[in-house]
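What the coordinates show
Residue strings, one per chain:
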Amino acid sequence: MTRAFPFVLACLALAASLLLLAAVWGRILYTGPGPLPVAQLVVIPRGDGVSMIATRLHRAGVIPHPLLFQALAVALPAPLHAGEYEFPVRVSLLDAYRRMVTGDVYVRLLTIPEGLTTHQVLQKLNEIDVLVGPVPDNVPEGALLPDTYRYSSGDTRQALVDRMRTAMDKVIADAWSQRPDGTPLTTQAEMVALAAIVEKETGIAAERPRIAGVFLNRLRLGMKLQSDPTVIYGLTEGKPEQDGQGPLGRRLLRKDMRQDSLYNTYKYAGLPPGPIANPGRDAIMATVKPEAHQYLYFVADGTGGHVFAKTFKEHDRNVSKWRKIRSKD
């Protein structure tokens, strides 16, 4: 036994060394840099098991071998979430696994600017190739809230539209609850219709309450709103030209002001029959919290904003100035 003892110790020492080497090698294998040369997006469909997930990651170059991922799933069992994942350069096998355990999916953002028509919004959704399914039919004008929305590959266009409509419903309800006494707006639909006009009339946030005040003053007096954007909507039916020359593709003409459309607020008094675009939160709030003033007119001032007037005589002078500015273009 005495002679065998050193041999036993040597064997134990060798075994310990091999175990240590195995541990070090395993640590490097699972926590060290992986093979991925560039950042990669990988979609893991619902219903994929560990074996299929491992195969997809291996084919994408994220992990060196499917069996290593499967072994990790056995050692650290946890549900793996479906979705689209962005794996960084040289991501370790362990980090890749943890991302799927926590559901750290890649998030995409879609920004819908204020003032787009529903037709334009649905066009944007159709152009996103990672969304699935058709856009829904018969989405009303003014029903989609301009905002930034998160989505992932595989989400449906219907679901995204539903979220936009729900968000708009909440904003409308909140704004309507804050309407003041004496407002000429009698329904939420009228509020949204006016907000859309305000949205299209100015891109300057500070002007929205003042412009809303002008139109509300006109409604109280029974004056025609005489809003160019409503005329344009009547001509385009919410499907603007895509040539970079504006929603109509040209300037408005005198004959356009005579078109027989209920959206022609030069011909018909009151609000148009519906919104002419999807207004944002600020434009909606401007209709229930307008600036109190006596202005009845406004026209572009040549700097991107507008100049306001209380009388037609004053407004006529402002229009003459604007025509001189425009004639120089």
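Read on for an overview of the structure. In this convention, every chain numbers its residues from 1, walking through the sequence in written order. Local features are withheld for residues below a pLDDT of 70 in this predicted model, meaning they are given only at 70 or higher, and side-chain atom pairs are given and counted only at 80 or more; totals for whole chains, interfaces and linings count all residues. Side-chain figures throughout are based on the complete set of non-hydrogen atoms in the structure, without hydrogens or water.

A word on the overall build of the protein chain
Put simply, the rule reads: Numbering of helices and strands runs from the N terminus, with a helix taken as a DSSP run of H or I at least four residues long and a strand as a DSSP run of E at least two residues long. The buried label applies to any residue whose accessible area, calculated with a 1.4 Å probe on protein chains only, is under 20% of its type's maximum; exposed applies above 50%, and partly exposed to all values in between. Pairs of residues are marked as contacts when any of their non-hydrogen atoms sit within 4.5 Å. Accessible surface is estimated by sampling points in the Shrake-Rupley manner with a 1.4 Å probe; for residues, cover comes only from the protein chains shown.
In terms of helices and strands, the protein chain carries 11 helices and 6 strands. With 329 residues in all, the protein chain has 40% of them scored as buried. Long-range contacts, defined as pairs at least 24 residues apart, comprise 61% of the intrachain contacts of the protein chain with a sequence gap of at least 6. When the accessible surface of the protein chain is split by element, carbon and sulfur atoms take 55% of a total near 18,400 Å².

Observations concerning the pairing of strand β3 (residues 108-111)
Definition in use: Two strands form a pair only when DSSP identifies at least two bridges running between them.
The alternating pattern of β3 places Arg108 and Leu110 on a buried face and Leu109 and Thr111 on a face that is not buried. When β3 meets strand β4 (residues 148-151), the two strands line up antiparallel, connected through 4 bridges. Residue pairing in the sheet places Leu110 in a bridge with Tyr149 of β4.

Section: the packing of helix α7 (residues 188-201) against helix α8 (residues 208-221)
For the record, the criterion: Lines fitted to C-alpha atoms define the axes, with helix axes restricted to the stretch in contact, and inter-axis angles between N-to-C directions lie between 0 and 180 degrees. For classification purposes, an angle smaller than 35 degrees is called roughly parallel, one larger than 145 roughly antiparallel, one from 65 to 115 roughly perpendicular, and anything else oblique. For any pair of crossing helices, the crossing counts as left-handed if the nearer helix is rotated counterclockwise from the farther one by less than a right angle, and right-handed if it is rotated clockwise. For this classification, Asp, Glu, Lys and Arg are treated as charged, while Ala, Val, Leu, Ile, Met, Phe, Trp, Tyr, Cys and Pro are nonpolar and the rest, including Gly, are polar.
At a minimum axis separation of 10 Å, α7 and α8 run at an interaxial angle of 125°. Considered as vectors, α7 and α8 are oriented oblique to each other. At the point where α7 passes α8, the crossing takes the right-handed sense. Contacts from Leu194, Ile197, Val198, Glu199 and Glu201 of α7 reach α8 at Arg208, Ile211, Ala212, Phe215 and Leu216. Residue classes in the contact of α7 with α8 are distributed as 7 nonpolar, no polar and 3 charged.

Some details on the pattern of salt bridges
Using the following cut-off: Any Lys or Arg side-chain nitrogen located within 4 Å of an Asp or Glu carboxyl oxygen qualifies as a salt bridge.
Evaluated as defined, the whole model comprises 9 salt bridges. Note that Arg108 and Glu84 form a salt bridge whose closest N and O atoms lie 2.7 Å from each other. Note that Arg108 is positioned in strand β3 and Glu84 in strand β2 (residues 83-87), a separation of 24 residues in sequence. Both residues of the pair, Arg108 and Glu84, count as buried. We note a salt bridge from Asp282 to Arg208, for which the minimum N-O separation is 3.7 Å. Of this pair, Asp282 sits in helix α10 (residues 281-288) while Arg208 sits in helix α8, and the two are 74 residues apart along the sequence. Residue Arg208 is classed as buried on the basis of its relative accessible area of 9%. What emerges from the salt-bridge pattern is a single network uniting Asp95, Arg99 and Asp104.

Brief notes about the packing of aromatic side chains
Inclusion rule: When the centres of two rings from Phe, Tyr and Trp lie within 6.5 Å, Trp using its six-membered ring, the rings pair. Their planes under 30 degrees apart give stacked, over 60 give edge-to-face, and anything left gives tilted. In this scheme, the term charge over a ring applies when either NZ of a lysine or CZ of an arginine sits within 6 Å of the ring centre and within 35 degrees of the ring normal.
Under the counting rule described, the total for this entry stands at 7 aromatic pairs. Measuring from ring centre to ring centre gives 5.6 Å for Tyr295 and Phe308, while their planes differ by 40°; the resulting arrangement is tilted. Note that Tyr295 is positioned in the loop between α10 and β5 (297-300) and Phe308 in strand β6 (residues 306-309), a separation of 13 residues in sequence. One exposure class covers both Tyr295 and Phe308, and it is buried. A network of ring pairs unites the aromatic residues Phe215, Tyr295, Phe298 and Phe308 as a single cluster. One Lys or Arg, Arg210, reaches over the ring of Phe308 and ends 5.3 Å from the middle of that ring.

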